[in-house]
Every structure is written in C-alpha cells, then in structure tokens.
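Fold and geometry: a report
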Amino acid sequence: SPGDPSQPSLPFVIPPLLASAQLDPELHVTDVDDEDGDQEDEEGMESVTVNIRGQGNKRITIRTSALEEKATACSMLHSYVADLKEAFFPYVQEVATILVPLIKFQYMDEVRTAAMMAMPELLDSCILALAKGASGASAALVSQLLCFMLEPILEQLKAEPDVETLACQLEAFGELLAHGGSCEHAKLSADQIQKSTEVLQMLMRESNERRDEREGRRGDEDVDDEEEEQLEGEAEREEIVMQSLVEAAGKLFEVYQSGYLPYFDSLLMPTVSEMLQPTAIASSRAAALCLFDDVIEHCSADGGSSRYIAGIFPALLQYMGDETTEVRQAAAYGIAMLGERCNDATFTEAMMQQAAQALVLAVDAPGAWEEEHASASDNAISALGKICKRSDAIGAVGWPRWLEALPLRADREEARHVHATLCEQVEKSNTQLLGANHERLPDVICVFGRLLGTDLIADEYLPRIGHLLKQVHSGLPQVLQQLPSHPKFVLLSEENRAELEKALSS
C-alpha cells in the first residue's frame, strides 16, 4: 500500500538480505582424527567437532563471520515477512526458494530455526494476498507453496538433533498447519496428513524414549547435584517438545475435526494411551489429557468423540485429584469441553453429578487457590459453571459454590469466559445463583466491583454491568445501601469502590 512507509525500500532491502542468506560459509568436513587440521590457522576460520546423525563425530571448519551474517539475514527475512504480511507477497516465492533449503542447514541451529519460523509467515502472506486480490496471488500458488515447504519441513523434523531447536521448529509447523483453518487451499491432502502424523508419532516415541532413559539415569545412586541439575534442564526442554507435538496434533484436530480421528487412532492413540496411565510421569499425563481434550472439543459436533468418552471420562475424574497442577488443569478443561460440546446421551446427568463432585473437591482442596495451583482451580470453576447451565439439580448447589470462587485471576482466558457467564446469568435473573430473595446479589455486586477497570472482563460487558447496577439502584436500593456492611465489601480497594460509583453514575 502506498501509505506504508516500509514499502518503497523493500527493493533495496531484500536483495542484499537474500545474498547474505545464500553466503557460502566455506565449509570443510574432515574426520576427527585427521592430522590435516591446518585450515584453522586461516583468518576467520574456526573448527568445531559435531556429531552428524549416522556419520559419527566430524571436524568441521567454517568461516564464522559468514555463518553469523547468514543467520542474521534469515532472521531479518523472517521479521520482514511477519511484519509486512501481504505487502511482502511480491518476494514470497524468491524468499521461499532460498529459505526452504536452509531449513536443513546442518551447521548452525539459528539458521534452521529462522528459516523454519519464516515458513508459516510466507504462507500467510500468500493467503492474505489472495484474500485481498493482490496481483499474482492465486489459490494454486498457496497450495504449491505449501507442497514446496512441507516435504523438507517433515524431513528436518525427523532429523533435527537439537531438542531446543526441535521445539521451535514444531511450533512453526503447528502454525503452518493452522493456516488450513483460515484458507481452504492451505489444507493438507490425505497423504500429507498421514505423513505429518507419522512424523508426530515418531517424535512422540523418541521423546518418550529420551524421557525413560533420563528417568533411568535419575534412579542411579551416584547422581550428584550437577548431574541432577542437568537432568532437570533436559526434562524441562523435553516437556516443551512434547507440548509442541501435542499442539501440532491439536491444530490437525482444529482444522480437520472428526476427519482427523482415523489418523489419530492408527498412529497416535497407542502412544497417547500409554502416556495417560497413572504410572506415566505428570508431564506425559498432562500431554495425553490435552490431546483427548482436543478430541472432545473438536470432534463432538458430529458425534465423532462419543466412542472415546467411556474410556476418557474415568481418567478425567481421577486426574481432577492429581497432585500436579498441569494435570488437574487439563482434566478440568476436558470436563468443561464435555459440558460445552457433548449431548445428554454422551454426557449423562449421572456423569455430570460425578464430574461436579470431582470439580468441587478439587477447588476445596487445601492450597487449591495458592498462586501455583490457581490456574487449575480457575479451569475447574469454569467447568462447574458449564455443568450448572445444563443441570438444574446440580445448579441448585453448584451456582452458589461457583459464585464463591469469583473473581478468577490466574487463567485470564478462562476468567474472562467465567465473568461473562456471571453477567449473563444475572441478566437472566438466575435464582439458583442469586437466591430466591436475591440474598446473594451483594456478593455479585462485590465481584463486579473487583472486575471493573481490569482486563479480566471483556469490554462489551462493561455497559451491561453498568445497566445491571442501575437496575439494582432503582429496583432494590436497600441492597446498595447495605453493601458497605457486607463481609465481602472489605475486599474492595478504593479503586474498586470508585469504579462502582462511576458505573452507577455513568
């Protein structure tokens, strides 16, 4: 667009970056024991020993300045396409031609990572250009670009030796898959879904093998503090890899919904079911729950999820009592999705009763609202609200307990959903929530007071809360007059009280 100041300079900026990205780092590979190591004496050359998959240890001599320039250029190209979006479209094909081969650049992980991170952005630029009718943009180009990228990406995911780099690459891969949700032409073919899922399966298994090997080393008697710290670090990095794998599979569920279930069943289900067992470590159980949550969330509209529920429901109940926050949080989210997405035949009244009990037990447990556990409790309260909406029998006891927990703070996204529900239920004059004689209305107003002026409620609800407060002011003025003597009123800060005043007088 002419109004974009960064536009005119692109023809000057991009060609030199492309040249830098293609720099030859003058690489020489020799066996480690070769005596012929004289190349290092040359100015600007440096030797490293690397373990190349399938070839063992090699000595690599390389011009480091060229390597750094290459990495910087790749990173800048990624930034440009990410910032400029469809305005970058004229360069997409040329840049893709240069960056796609660099996804496999063995000698520097920064180059691989930057090249990989540019892939979803390049595809996005193409999709946006198509949507805006830019000249040269076409549906065919979107699918060609995707095909051009996908094979090298999958090859690299299989070969990536560095765990941290793998996590970054998987994140980019997930973003690439997600574009199928916004653009028909960025969807994968059946064969591509199969190949992608085979790679996810292989990486999940390898991650689990590394986990088991690490747990084995952890069991050794002679592990000192330094080794223990190293194992901790490895475990943390591995957790990020597994989360990225689960998120990528989650994107496939998001885009293909029940159409993805056959791939999930044949390739991922055996591994994921194993990770769900009580004997698995907490991060594995949480990862497995997240995938089954995706099944419930994305495959329930056509009943695709129903055959999984009998197997997964007992695990959701059991893991609501798990000692690890991330496991409880994933279990609570799964129950919330059952409440929101599954019909009464799949999620029966009896199951709702069991689920509600498990949720209340979890939020009443000692320490449930301490900072490190609160996000799981927020999700449990959110799930309880979804069940109360569906069952009057549960709502009679559940709504007051739900209200007691508000306002939520730890999981911002869930908090906003729950506070929106509060507003909607008060608008409906839900007597199970408010009490037959509005006896819980002061509690509700105190919650509203603590929400006004925060980002824990969506802006669209602010005028609605103002309107509700004015209704109370005109219809039940005694409620507001007695508010300062209400036990919850002391929780309101000066700012909260000022916000309430402002909402009443606006």
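In the block above lies the structure referred to throughout.
Residues numbered from 1 in each chain as written. Predicted model: local features only at pLDDT ≥ 70, side-chain atom pairs only at ≥ 80, totals over all residues. Heavy atoms only, no water.

In total, this model carries 25 salt bridges according to the counting rule given. Among the ionic pairs, glutamate 213 bridges to arginine 217, the shortest N-O distance being 3.2 Å. Taken as a pair, glutamate 213 and arginine 217 lie in helix α7 (residues 190–218) at a separation of four residues, close to a single helical turn. Overall, arginine 217 belongs to the partly exposed group, its relative accessible area being 29%. Through salt bridges with shared partners, a single network forms among Glu215, Arg218, Glu228 and Glu232. (Salt bridge = Lys/Arg side-chain N within 4 Å of Asp/Glu carboxyl O. Helix = DSSP H or I, 4+ residues; strand = E, 2+ residues; numbered from the N terminus. Buried < 20%, exposed > 50% of the residue type's maximum accessible area, 1.4 Å probe, protein only.)

Following leucine 406, the chain continues to proline 407 via a peptide bond in cis, the omega torsion being 0°. Residue placement: proline 407 occurs in the loop between α15 (392–404) and α16 (412–427). For glutamine 257, which is not glycine, the phi torsion reads 50° and is therefore positive. Tracing the sequence through the fold places glutamine 257 in the loop between α8 (225–256) and α9 (261–275). Within the chain, serine 429 stands out as a residue other than glycine whose phi angle is a positive 50°. Note that serine 429 resides in the loop between α16 and α17 (431–434).

Locating glutamine 192 in the fold gives a position in helix α7. With a relative accessible area of 14%, glutamine 192 lands in the buried category. Apart from residues no more than four positions distant in its own chain, glutamine 192 is found in contact with Cys147, Leu150 and Lys187. (Contact = heavy atoms within 4.5 Å.)

For the rest of this paragraph, the subject is the layout of surface pockets. The computed volume of the largest pocket comes to approximately 910 Å³. Around the largest pocket, the lining comprises 38 residues; the ones closest to its centre are Cys290, Asp293, Glu297, Tyr333 and Asn379. At the level of secondary structure, the elements contributing two or more residues to the lining of the largest pocket comprise α8, α10 (282–298), α12 (325–341), α14 (374–390) and α16. Quantified by volume, the second largest pocket comes out at close to 600 Å³. For the second largest pocket, the lining is made up of 24 residues, of which Val50, Gln106, Tyr107, Arg112 and Pro161 are closest to its centre. Looking at the lining of the second largest pocket, the elements with two or more residues in it are β2 (45–52), β3 (56–63), α2 (64–84), α4 (109–131) and α5 (139–159). In terms of residues, the lining of the second largest pocket owes the most to one element, β2, which gives six residues. Its residues assigned to classes, the lining of the second largest pocket comprises eleven nonpolar, six polar and seven charged. (1 Å grid on protein atoms, 1.4 Å probe; cavity = no way out; pocket = protein on both sides within 12 Å on 5 of 7 lines; lining within 4 Å. Points joined across faces, edges and corners; volume = space filled by probe spheres on them. Nonpolar A, V, L, I, M, F, W, Y, C, P; charged D, E, K, R; others polar.)

Running from amino to carboxyl end, α16 crosses helix α19 (residues 462–475) at an angle of 35°, the nearest separation of the two axes being 11 Å. By crossing handedness, the relation of α16 to α19 is classed as left-handed. Taking contact as the criterion, the partners of Cys423, Glu424, Val426 and Glu427 in α16 are, on α19, Arg464, Ile465 and Leu468. Of the residues in the contact of α16 with α19, the class split is four nonpolar, no polar and three charged. (Axes fitted to C-alpha atoms, helices over the stretch in contact; angles between N-to-C directions. Left-handed = near helix turned anticlockwise from the far one by under 90°.)

Let us look at the packing of aromatic side chains. For the coordinates displayed, the defined rule picks out nine aromatic pairs. Both rings, one in tryptophan 399 and one in tryptophan 402, keep their centres 4.9 Å apart while their planes meet at 90°; by these two values the pair is edge-to-face. With tryptophan 399 and tryptophan 402 both in helix α15 and three residues apart, this pair spans about one turn of that helix. For the pair tryptophan 399 and tryptophan 402, one class covers both residues: buried. Counting every residue linked through ring pairs, the aromatic cluster contains Phe253, Tyr260, Tyr263, Phe264, Phe292 and Tyr308. (Phe/Tyr/Trp six-rings, centres within 6.5 Å; stacked < 30°, edge-to-face > 60°.)

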